[in-house]
Amino acid sequence: LFNDKQLTARVVWVPHTTPVAEAFAEPLPSGEGHCLVFSCDTLFRPALVQMLEENAGQQEEEKSWQVQGGTNNAALFLVPLTQLQKEKEEVDGLKTLSPGEHFFYRLTAQRSLANAERNLLFALENPHDGLVDTYLNRKFSRLLTRFFLYTPLTPNQITVLSFLTGLIGASCFLLGSYAWAVTGALLLQFSTVMDCVDGEVARVKMLESPFGEWLD
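Keep in mind the model is a prediction, meaning the values are calculated, not measured.

Details of the overall build of the chain
Phase 1 of the analysis: For the chain, the count of helices and strands is seven helices and six strands.
Phase 2 of the analysis: Scanning the chain from its N terminus toward the C terminus, one meets helices and strands in the order β-β-α-β-β-α-β-β-α-α-α-α-α.
Phase 3 of the analysis: Out of the 216 residues belonging to the chain, those deemed buried represent 31%.
Phase 4 of the analysis: Across the chain, the fraction of contacts at a sequence separation of at least 24, relative to all contacts at a separation of at least 6, is 67%.
Phase 5 of the analysis: On the chain, roughly 13,900 Å² of surface is accessible, and the fraction owed to carbon and sulfur atoms is 59%.

Some remarks on a negative patch on the surface
Phase 1 of the analysis: Taken together, D195, E208, E213 and D216 make up a surface patch of like negative charges.
Phase 2 of the analysis: Using a relative accessible area of 66% as the deciding quantity, one classes E213 as exposed.

Here's the deal with helix 5 (residues 155–172)
Phase 1 of the analysis: With 18 residues, helix 5 should reach 26 Å at 1.5 Å per residue; the first-to-last C-alpha distance of 26 Å fits that figure.
Phase 2 of the analysis: For helix 5, the full list of buried residues reads P155, I158, T159, S162, T165, G166, G169 and C172. Take helix 5 and look down its axis: the buried residues cluster within an arc of 135 degrees, on one side only.
Phase 3 of the analysis: For helix 5, the secondary structure elements touched by its buried residues are helix 4 (131–148), helix 6 (178–204) and helix 7 (210–215).

Remarks on the packing of aromatic side chains
Phase 1 of the analysis: For the coordinates displayed, the defined rule picks out four aromatic pairs.
Phase 2 of the analysis: When the ring of F38 is compared with that of F44, the centres are 4.8 Å apart and the planes differ by 90 degrees; the resulting orientation is edge-to-face.
Phase 3 of the analysis: Looking at F38, the relative accessible area reads 36%, which means it is partly exposed.

Quick word on the pattern of salt bridges
Phase 1 of the analysis: Tallying each qualifying case throughout the model produces two salt bridges.
Phase 2 of the analysis: A salt bridge links R106 to D41; the nearest nitrogen and oxygen atoms lie 3.1 Å apart. With R106 in strand 6 (residues 104–106) and D41 in the loop between strand 1 (34–38) and strand 2 (42–44), this pair connects stretches of sequence that are 65 residues apart.
Phase 3 of the analysis: The partner of R138 in a salt bridge is E200, with the nearest N and O atoms 2.9 Å apart. Of the two residues, R138 is situated in helix 4 and E200 in helix 6; the sequence distance between them amounts to 62 residues. Judged on exposure class, the residue R138 and its partner E200 are both buried.

Concerning the environment of T96
Phase 1 of the analysis: For T96, the position within the fold is in strand 5 (residues 95–97).
Phase 2 of the analysis: Sequence separation of T96 and W65 is 31 residues, and the distance between their C-alpha atoms is 6.2 Å.
Phase 3 of the analysis: In contact with T96, other than residues within four places in its own chain, are Q66 and Q68.
Phase 4 of the analysis: A distance of 3.2 Å separates polar atoms of two side chains, one belonging to T96 and the other to Q66.

Calculation rules
Residues numbered from 1 in each chain as written. Predicted model: local features only at pLDDT ≥ 70, side-chain atom pairs only at ≥ 80, totals over all residues. Heavy atoms only, no water. Helix = DSSP H or I, 4+ residues; strand = E, 2+ residues; numbered from the N terminus. Buried < 20%, exposed > 50% of the residue type's maximum accessible area, 1.4 Å probe, protein only. Contact = heavy atoms within 4.5 Å. Areas by Shrake-Rupley, 256 points an atom, 1.4 Å probe, with all protein chains shown as cover. Patch = residues over 30% accessible without salt bridge, like charges linked within 9 Å, V, L, I, M, F, W, Y side chains within 5 Å. Salt bridge = Lys/Arg side-chain N within 4 Å of Asp/Glu carboxyl O. Lys, Arg positive; Asp, Glu negative; His and termini not counted. Charge placed at Lys NZ, Arg CZ, Asp CG, Glu CD. Expected span 1.5 Å × (residues − 1). Arc of directions from axis to C-beta. Phe/Tyr/Trp six-rings, centres within 6.5 Å; stacked < 30°, edge-to-face > 60°. Polar contact = N/O pair within 3.5 Å; in protein donor to acceptor, adjacent residues only side chain to side chain.

What follows is the structure, given as structure tokens:
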């Protein structure tokens, strides 16, 4: 992760025995901002962090939060940079928020990685989904998403692939025969499934972008 160019935030690895503030090898960044503190075995989606930031912005008097809940009582903290020197007792005393419907999961020895992946995939619904996407396309897209997550293809490239698949499907109808019409219909349906995959890959890999939304 240290060499991942997609990361725009500073990453600091903190051993369990080291206070957060002592983990910084150089002076703390100046100015306003928050530090997100969580165990590396905790999985969550960016929407949860956005919810935390919104709460911090709405209540100026209370900018420090902890979130507890989800699977196996996972926990994370959003603390202003100026308050990183807090003692553990103070951090534990922060106002607690529930993750609500946001994906929040912690890996343990009792819960397998496969369960975590499954839960994450089922948390990738799009609020704009219609009935067909919800009850049909998402069932197939999750299977394809598992495959595409292991490829170097970006969500935008998958969007283009979905578009090209749809064009090929549409062109099949020009051939006029029953067999080509069925083939075209299947390809068009497959392109709509692929249209769900690009968003799922973007949300898992945290590659959502305004351009990707426009292209989609």
